[in-house]
Amino acid sequence: MADRRNSILVTFFCFISFIYICECQNDSFTIDYNGNTFILDGKPFRAISGSMHYSRTHPYYWKDRLMKMVAAGLNTVQTYVPWNIHEPTQGKYDFTGLANLELFLQTAQDVGLKVLMRSGPYICGEWEYGGLPAWLLTINPNMVVRTMDPDYIKAVDGWYDVLLPILKKYLHINGGPILMVQIENEYGSYFACDYDYLRFLYQKARTGLGEKAIIYTTDGDGDAYVKCGTVEGCYVTIDFGPTSNPASNFQVQRHFEPKGPLVNSEFYTGWLDHWGNPHAHTAIDTVCNSLDKILALGASVNMYMFEGGTNFGYWNGANAPPYQPVPTSYDYDSPLNETGDITDKYIAIRQTISKYQKLPEMPIPPNTPKGNYGDTDMNFVATVQDALSVLSPNQPVSSTYPLTMEQIKFYYGFILYRTKLPTDITTPTPLITGGVRDRGYVTIDQVPQGIFIRDDTTQVNITGKQGQYLDILVENTGRIGFATLMNYNTKGIIANVTLNGKILTDWTIYPISLENINGTTIFQHNIKSTGPKKNKGLQTPSIFIGKIPIPASSDEPKDTFLDPTNWTKGQALVNGFNLGRYWPVMGPQVTLYVPKPVLKEPSKLNYLVVLELENTTCTSSSVCKISFTDIPVINKIPPGFHSNIRNIPEGYPYHKRV
Ligand SMILES: CCCCNC(=S)N1C[C@H](O)[C@@H](O)[C@@H](O)[C@H]1CO
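These numbers come from a predicted model, not from an experiment.

Structural notes on the sheet that holds strand β3 (residues 43-45)
The strand order across the open sheet formed by 3 strands is β1-β2-β3, and the pairing between neighbours is antiparallel. The strands lining the two open edges of the sheet, one partner per strand, are β1 (29-32) and β3. On average, each strand axis in the sheet is inclined to that of its neighbour by 40°, with strand direction left out of account. Looking at chain direction, β1 and strand β2 (residues 37-40) are connected through 4 bridges and run antiparallel. Counted as the bridge partner of F29 is L40 from β2.

Here is the structure:
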């Protein structure tokens, strides 16, 4: 009898122990330093990951892109948290639309992807100001970001108090998809090398995420980079592009992590673009041969980018020197193109992965259909100056000398500076300033005089009569997001303007909100305008509007592309959604991606609003056309380049630091 009771007790104990061990192993993610691997829920785990930035793809399509990543054999997605989209003004937070972080995390979990979360506060990524909010510059224009600068740290502390509880909730160890959290971004590439800053970030993240979370850093594959880029408690990872010998690249990581999993956090599948340079291209074989070697080493790898997406609105960043803004398209020559379509590179990478990972038994989701809607008649609405009552409805700011955008707490897009000519100017006379960031469109009583261009054109010769309006419409084309010049990011007119050597004073400053103009606004405000004036090959910066001719059909609307060929440079909005900047004369991007969800069904009116800054064939009397096509063009060869020259030779030494 006793034996029977004992055997039951032993069986029961073994059963409880089994349950306990399983439970302990569930929701666990650790590093096995002996096995040089991650351990996920008790089993060895190698991340095969791809980067997709939720803020660069319309939320309607997040699941589509993530499913395509699963179909390619990926088990993880890596993404950045852009601080500035979530805290557009200090203390006010936005987690909706493109900024709906929790929806993105939930969607990743729903499709079965784990997440590598890059929490910032700085993210680089060719994103506006590397993800930092522009209002930092109002606290102290001499702030040295990414250091223990007290004003910067106070702002980061407040932001992390909001962000970390969200990330903690979604950690794998708490039942979510997040495997580990990166702090900062390639900090070792920044001049400051401020260990106290990294220690602050690490301690804040450790406190916010708990003792079990894995916190990591990413740096370029050079000892000097990693030396300044990591700190006690963080797991070191590195990044490198397609190279012939990944094993030697990983030696850098081994200098800092002698044991533990090899991790390449950014394996470049393509590269970034700048306006005026040819579209980046990295050959499929170059990518796949190197990826094959990385996977053969048993390393974890994240492909940067797997889907690049779009810099909608004013979210593109810039690099310097020289100052070079990044286009609206963040296609990156990545496996999923800007609109999430499968490419040959996707198929080839999927094939390479299949050598190491059983592919899921699922069809590859289809590419989305594209709409070819043809020409839209664009009607002139008003010059910017004549539409100020709508574009800048609040009281303008008056100031003796020009104020920066940050000083008037208006951070993105366009701002108009106005003063009056102090005397008659009968012969072309130098109007000079080195302080326009980044392009300044100069008019006298709306007659174009020329364009100030940052790091390029600091003088415009003007004529006019005393008392006429001297207007400078300034475009902020994106804040620098990499390296030392990040600390020179104020925008607007940042220095005095002189006419014939005399400083001009008594300025009136108008922040411009294009979102205020939509299909109905123009009729409500019966804006009167005499029409654009033309001079020196330019026309007054003007607003145009048109109704997009989407056919009445059950399968409409579709994704489509705005083709501004015959227009010059400007901004485009569809139904109030800011598609981004167009600059077809510069290239490489010509068309703008219009995601289907920003369009209404055909029975409703779909409005296109355009601010054209430089010139069109339109006048106030003639109707201009702009078309919607089903074929994107983002690889036009820019002026000065020849068709056989590419700006990124294969195997580009991406660490050519600026
Ligand atoms: C021209 C300077 C580019 C600096 N950026 C570099 S090296 N990169 C590393 C960086 O971590 C990532 O966010 C991206 O910015 C990537 C380039 O796409």
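Digging into the domain arrangement of the protein
Interface size is often expressed as the accessible area that is lost when the parts come together. Domain assignment breaks the protein into domain 1 (46-354), domain 2 (374-380 + 531-629) and domain 3 (394-512). Taken residue by residue, the interface counts 22 residues in domain 1 and 20 residues in domain 2. Of the roughly 1,700 Å² buried between domain 1 and domain 2 on both sides combined, carbon and sulfur atoms contribute 64%. Taken together, domain 1 and domain 2 are joined by 0 salt bridges. Viewed at the interface, domain 2 and domain 1 are joined by 10 residue pairs in polar contact (both at pLDDT 80 or more).

Details of the packing of helix α2 (residues 62-71) against helix α4 (residues 101-111)
Interhelical geometry of α2 versus α4 gives an angle of 35° and a closest axis separation of 10 Å. Crossing handedness for the pair α2 and α4: right-handed. Judged by residue contacts, W62, K63, L66, M67 and V70 of α2 engage L103, F104, T107, A108 and V111 from α4. Taken together, the residues of the contact of α2 with α4 sort by class into 8 nonpolar, 1 polar and 1 charged.

Comments concerning the pairing of strand β17 (residues 425-432)
Pairing between β17 and strand β21 (residues 459-464): 5 bridges, direction antiparallel. Paired with I432 across the strands is Q459, a residue of β21. Both β17 and strand β24 (residues 498-499) contribute to a ladder of 2 bridges, which runs antiparallel. Residue pairing across strands places I432 opposite T498, the latter belonging to β24.

Comments concerning the packing of aromatic side chains
Applying the stated criterion across every chain, the model contains 33 aromatic pairs. Ring geometry for W62 and F104: centres 5.4 Å apart, planes at 90°, overall edge-to-face. With W62 in helix α2 and F104 in helix α4, this pair connects stretches of sequence that are 42 residues apart. Each of the two residues, W62 as well as F104, counts as buried. Residues Y190 and F191 carry aromatic rings whose centres are separated by 4.7 Å and whose planes lie at 50° to one another, so their mutual orientation is tilted.

Side note on the layout of surface pockets
There is about 680 Å³ of room inside the largest pocket. Taken together, 25 residues form the lining of the largest pocket, with G313, Y314, W315, E515 and N578 sitting closest to its centre. Here the lining of the largest pocket is composed, by residue class, of 13 nonpolar, 10 polar and 2 charged.

Some details on the UniProt feature "domain: Beta-galactosidase 1-like first all-beta" (unreviewed entry) in the protein
Mapped onto this numbering, the UniProt entry gives "domain: Beta-galactosidase 1-like first all-beta" (unreviewed entry) at residues 402-512. Counting secondary structure, residues 402-512 comes out at 0% helix and 51% strand; the distance between its end C-alpha atoms is 16 Å.

Description of the site of the ligand
Around the ligand sit 17 residues, and of these Y80, E126, N185, E266 and Y332 come closest. Within the side chain of Y304, an N or O atom sits 3.5 Å from an oxygen atom of the ligand. Residue classes in the shell around the ligand are distributed as 10 nonpolar, 3 polar and 4 charged.

Description of the side chain of N75
Within the secondary structure, N75 sits in the loop between α2 and β5 (76-80). For N75, a relative accessible area of 12% corresponds to the buried category. Looking at N75, its side chain comes within polar contact range of the main-chain nitrogen of I48, at 2.9 Å. Polar contacts involving the side chain of N75 include one to the side chain of T76, which spans 2.7 Å. Dropping the residues within four chain positions of it, N75 is found in contact with F45, R46, A47, I48, G112, L113, K114 and Q357.

So, the sheet that holds β17
Judged by pairing direction, the sheet is antiparallel, and its 4 strands sit side by side in the order β21-β17-β24-β25 without closing on themselves. Two strands bound the open sheet, and with one partner strand each, they are β21 and β25 (502-503).

Overview of the side chain of R46
With respect to the helices, strands and loops of the structure, R46 is situated in the loop between β3 and β4 (48-52). Although R46 is buried, it forms no salt bridge, and the closest oppositely charged side chain is D292 at an N-O distance of 8.8 Å. Here the side chain of R46 touches L295 through a polar contact of 3.1 Å, landing on its backbone oxygen.

Describing the pairing of strand β22 (residues 469-476)
Of all 8 residues in β22, 7 are buried; the element is thus mostly enclosed. Here 6 bridges tie strand β19 (residues 439-444) to β22, and the two strands are oriented antiparallel to one another. In the sheet register, R439 faces β22, and the bridge partner there is E475.

Reading the values: rules and limits
- Residues numbered from 1 in each chain as written.
- Predicted model: local features only at pLDDT ≥ 70, side-chain atom pairs only at ≥ 80, totals over all residues.
- Heavy atoms only, no water.
- Pairing = 2+ DSSP bridges.
- Helix = DSSP H or I, 4+ residues; strand = E, 2+ residues; numbered from the N terminus.
- Axes fitted to C-alpha atoms, helices over the stretch in contact; angles between N-to-C directions.
- Domains from an automatic or database assignment.
- Contact = heavy atoms within 4.5 Å.
- Buried area = accessible area lost by both parts, 1.4 Å probe.
- Salt bridge = Lys/Arg side-chain N within 4 Å of Asp/Glu carboxyl O.
- Polar contact = N/O pair within 3.5 Å; in protein donor to acceptor, adjacent residues only side chain to side chain.
- Left-handed = near helix turned anticlockwise from the far one by under 90°.
- Nonpolar A, V, L, I, M, F, W, Y, C, P; charged D, E, K, R; others polar.
- Phe/Tyr/Trp six-rings, centres within 6.5 Å; stacked < 30°, edge-to-face > 60°.
- Buried < 20%, exposed > 50% of the residue type's maximum accessible area, 1.4 Å probe, protein only.
- 1 Å grid on protein atoms, 1.4 Å probe; cavity = no way out; pocket = protein on both sides within 12 Å on 5 of 7 lines; lining within 4 Å.
- Points joined across faces, edges and corners; volume = space filled by probe spheres on them.
- UniProt positions renumbered as here; feature names shortened; annotations may be inferred.
- Near = heavy atom within 4 Å.
- Lys, Arg positive; Asp, Glu negative; His and termini not counted.

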